[in-house]
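# Secondary and tertiary structure notes
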Amino acid sequence: MRRIGAVLLLGIFNALAPVATAWSRQGGATICLTFDSAVEIGMARSYRIKQLELDVRRRRAWLQAQRAGLKSKVYMTIHAPSFNALGEYKWNSVLQKDELVRQNNQTWEMQLSIRQPVILFGYPTDGYLSLNYRVYKYLQLDGYRDISYYNRYFLKFEQPFFLPNRLKNAIENAELDLQERELEYIRDRVVLLRDLADEYYRLFSYAYQAETYKRQLQTLDSIRAIVERGESGRDGGQIERMQIQVEIANTREKMLQSQSSLRLGIAELKRHLRIDEEDSVYIPPTIELVPVEVTLEDALEKGYNLNPRLRILHIQQRQRRLELEETKSWNSFHLNLEVTYGLEKEDETYRQLASEMDRSYSVSVNAYVPIWDWGQRKFQIEARSLAIEQVELSMEEARHQIRSDIANAVANLREYRERALSLANHLEIARQMRRMSVEQFEQRRITLQDLLQTVHRELETELNYLEAYLGYRKSLIRLTTETYFDYEKGKSLLDLFLQ
């Protein structure tokens, strides 16, 4: 009995398992996927976009680090201890020869500094002003212990002359690097937008075609009902019934093909957008034609000002000029000024270091004077100058290409817009003609062949309308990706993507 009960339970479990699996699969959410929602999901879940966002944050942190260099820096250096017990050759001026001198000393040293870049009227001069304190204990062992203590408080000023302002250039380079990365981030998002548009409207085409064939099937079913009702009293009724059945079969096959292509495309899109497999995606096959008026002059202005391609080239041009400035300073005449002023004291006892301190100061000017380098600096400057010319040539080429692409996009947008508006009116006329033809066929005023031609013209008009609408949408998206301006929302993509 126990075996029989176990077998029955196992059989019931196996029978209910597919039902439970089907029920769990139906538990996913239903997503009505419009183009805007597809873009939103794609942007939020793209690994590439997340990497770019992290890169932008990294560049911002680097810029903040460079700007922090304009503030005071406090640091301490400690040599505790430093032991030297070794011999080395030194020149003895009395004996007029080198002799081996053995050293045996210990040094305990510490220096505390507060260093601040010199900024005049908000402009860093590449110089530094520092407040320093230095103290050390020097112990020499040579049969006896010779101890000396030393401390010094002093201000130090350092300033280079005839050299590029490296502190300012480092901050500017970090700012340019961040701007370039932000523009590349926007550019990659626009590339993703364009790819998603191609994929989405391909599936929209399948969904709309399937819905169109479904409506045609309903029309053909109503015609078949008319044929079957009047078949007994109509000449050639059997032929008409066979003819309408063939039309229904062909239309159903086209609908099934569109539905199959849509199903496969949605499965691929779900993987692309990283949508849960249990979720069902529905693409509404509804056309909402909102015509947008765009002038070529306005589109060109926005393309020149907003397109990251030109702005990135301007950034690269500035970076090359900074590199040229740095190259010109290499192996060139320059000066370094260093001035110190403070108080110091040396004594055998540590307690006396703070009393009766002596003033101390120093001034040093170091100059570098190049004499001959076989033209190395000259050719380096020439190479940097040619790099700038390359960027300027790329900028000119980019402007020509942007103008050509925008002009084509505006022309295509106008053409497809006029076609779509015209076909929208023609589609209403075709539907009205089909309704009238059905009534005339039912009254035996026209033949079935004439009616089917009217139905085919309606289908052809609707498919042409779909093609014109898709061309209009793709042209508008192409114009958006060229000008980096969303004409439907009235905002630039820079504002939309950098919020």
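Residues numbered from 1 in each chain as written. Predicted model: local features only at pLDDT ≥ 70, side-chain atom pairs only at ≥ 80, totals over all residues. Heavy atoms only, no water.

### Some remarks on the layout of surface pockets
Empty space left among the atoms is revealed by rolling a probe the size of a water molecule over them. The computed volume of the largest pocket comes to approximately 820 Å³. Taken together, 28 residues line the largest pocket, and the ones lying closest to its centre are F35, D36, R473, E488 and K489. Listed by contribution, the elements that provide at least two residues to the lining of the largest pocket are α2 (35-45), α4 (166-229), α9 (448-483) and α10 (493-497). With six residues, α9 is the largest single contributor of residues to the lining of the largest pocket. Split into classes, the residues belonging to the lining of the largest pocket amount to 17 nonpolar, three polar and eight charged. (1 Å grid on protein atoms, 1.4 Å probe; cavity = no way out; pocket = protein on both sides within 12 Å on 5 of 7 lines; lining within 4 Å. Points joined across faces, edges and corners; volume = space filled by probe spheres on them. Helix = DSSP H or I, 4+ residues; strand = E, 2+ residues; numbered from the N terminus. Nonpolar A, V, L, I, M, F, W, Y, C, P; charged D, E, K, R; others polar.)

### Some details on the pairing of strand β4 (residues 123-141)
As defined by bridge partners, strand β3 (residues 97-120) adjoins β4 across 15 bridges and the pair is classed as antiparallel. From the neighbouring strand, R115 faces β4, where its bridge partner is S130. (Pairing = 2+ DSSP bridges.)

### Digging into the pattern of salt bridges
Per the counting criterion, the structure on display carries 24 salt bridges. Here E184 and R181 are joined by a salt bridge, their closest N and O atoms 2.6 Å apart. One end of the pair is E184 and the other is R181, both in helix α4 and three residues apart, which spans about a single turn. With respect to class, E184 is no different from R181; both count as buried. Here E462 makes a salt bridge to R431, at a shortest N to O gap of 3.1 Å. Here E462 is found in helix α9, whereas its partner R431 is found in helix α8 (residues 376-442), with 31 residues between them in sequence. Ionic contacts of the salt-bridge type, sharing partners, join the residues D55, R58, R59, D177, R181 and E184 into one network. (Salt bridge = Lys/Arg side-chain N within 4 Å of Asp/Glu carboxyl O. Buried < 20%, exposed > 50% of the residue type's maximum accessible area, 1.4 Å probe, protein only.)

### A short note on helix α6 (residues 296-306)
Those residues of α6 that fall on the buried side of the exposure criterion are A299, L300, K302, G303 and L306. Looking down the long axis of α6, one finds its buried residues gathered within 165° of arc, a one-sided arrangement. Looking at the buried positions of α6, the neighbouring elements they touch are α7 (308-329), α8, α9, β9 (485-486), β10 (491-492) and α10. (Arc of directions from axis to C-beta. Contact = heavy atoms within 4.5 Å.)

### Describing the confidence of the model for the protein
Here the protein averages 84 in pLDDT, and 91% of its residues register 70 or above. Confidence over residues 1-27 falls short of pLDDT 50; this stretch has two contacts with residues more than four positions distant or in other chains. (pLDDT = per-residue confidence, 0-100.)

### Concerning unusual backbone geometry
Even without being a glycine, R274 presents a positive backbone phi close to 60°. According to the relative accessible area criterion, R274 is partly exposed, its value standing at 35%.

### Looking at the nonpolar core
In this structure, L33, F204, I283 and L479 are the most contacted members of the largest nonpolar core, which totals 66 residues. If you tally residues by element for this core, the top one is α4, at 15 residues. Apart from residues no more than four positions distant in its own chain, L33 is found in contact with A38, I41, Y200, L269, L273, V281, Y282, I283 and P284. Judged by nonpolar contacts, the second largest core, of 17 residues, contains I223, V227, F441 and L448. (Core = buried A, V, L, I, M, F, W, Y, C linked by side-chain atoms within 4.5 Å.)

### Things to note about the environment of F35
Here F35 shows up in helix α2. Taking C-alpha positions, F35 is 21 Å from E293, a pair spaced 258 residues apart along the chain. If sequence neighbours within four positions are ignored, F35 has contacts with L193, L196, A197, Y200, Y201, R473 and I477.

### Notes on the packing of α4 against α7
Contact geometry for α4 and α7: axes closest at 10 Å, N-to-C directions at 160°. Classed by the angle they form, the pair α4 and α7 counts as roughly antiparallel. The handedness of the crossing between α4 and α7 comes out as left-handed. Within the contact between the two elements, α4 uses R166, N169, E172, N173, L176, D177, Q179, E180, L183, E184 and R187 and α7 uses P308, R311, I312, I315, Q316, R318, Q319, L322, E325, E326 and S329. Tallied by class, the residues present in the contact of α4 with α7 amount to six nonpolar, six polar and 10 charged. (Axes fitted to C-alpha atoms, helices over the stretch in contact; angles between N-to-C directions. Parallel < 35°, antiparallel > 145°, perpendicular 65-115°, else oblique. Left-handed = near helix turned anticlockwise from the far one by under 90°.)

### Quick word on the side chain of S130
Checked against the element boundaries, S130 lands in strand β4. Given a relative accessible area of 4%, S130 falls into the buried group. Side chain to side chain, S130 and N132 meet in a polar contact 3.0 Å long. Setting aside anything within four residues of it in sequence, one finds S130 in contact with I114, R115, F154, L155 and K156. (Polar contact = N/O pair within 3.5 Å; in protein donor to acceptor, adjacent residues only side chain to side chain.)

### Focus on the packing of aromatic side chains
Taken as a whole and judged by the stated rule, the model has 11 aromatic pairs. Summarising the aromatic geometry, the rings of F204 and Y208 are spaced 6.2 Å apart at their centres and angled 25° between planes, so their arrangement reads as stacked. Linking F204 with Y208, this pair stays in helix α4, spanning four residues, or about one helical turn. F204 sits in the buried class, given a relative accessible area of 3%. The class of Y208 is buried, set by a relative accessible area of 5%. (Phe/Tyr/Trp six-rings, centres within 6.5 Å; stacked < 30°, edge-to-face > 60°.)

### So, the packing of α8 against α9
Between α8 and α9, the least distance of the axes is 7 Å, while the angle of their chain directions is 160°. Taken together, α8 and α9 sit at an angle that is classed as roughly antiparallel. Relative to α9, α8 is oriented so that their crossing is left-handed. Split by residue class, the contact of α8 with α9 holds 22 nonpolar, nine polar and 10 charged.

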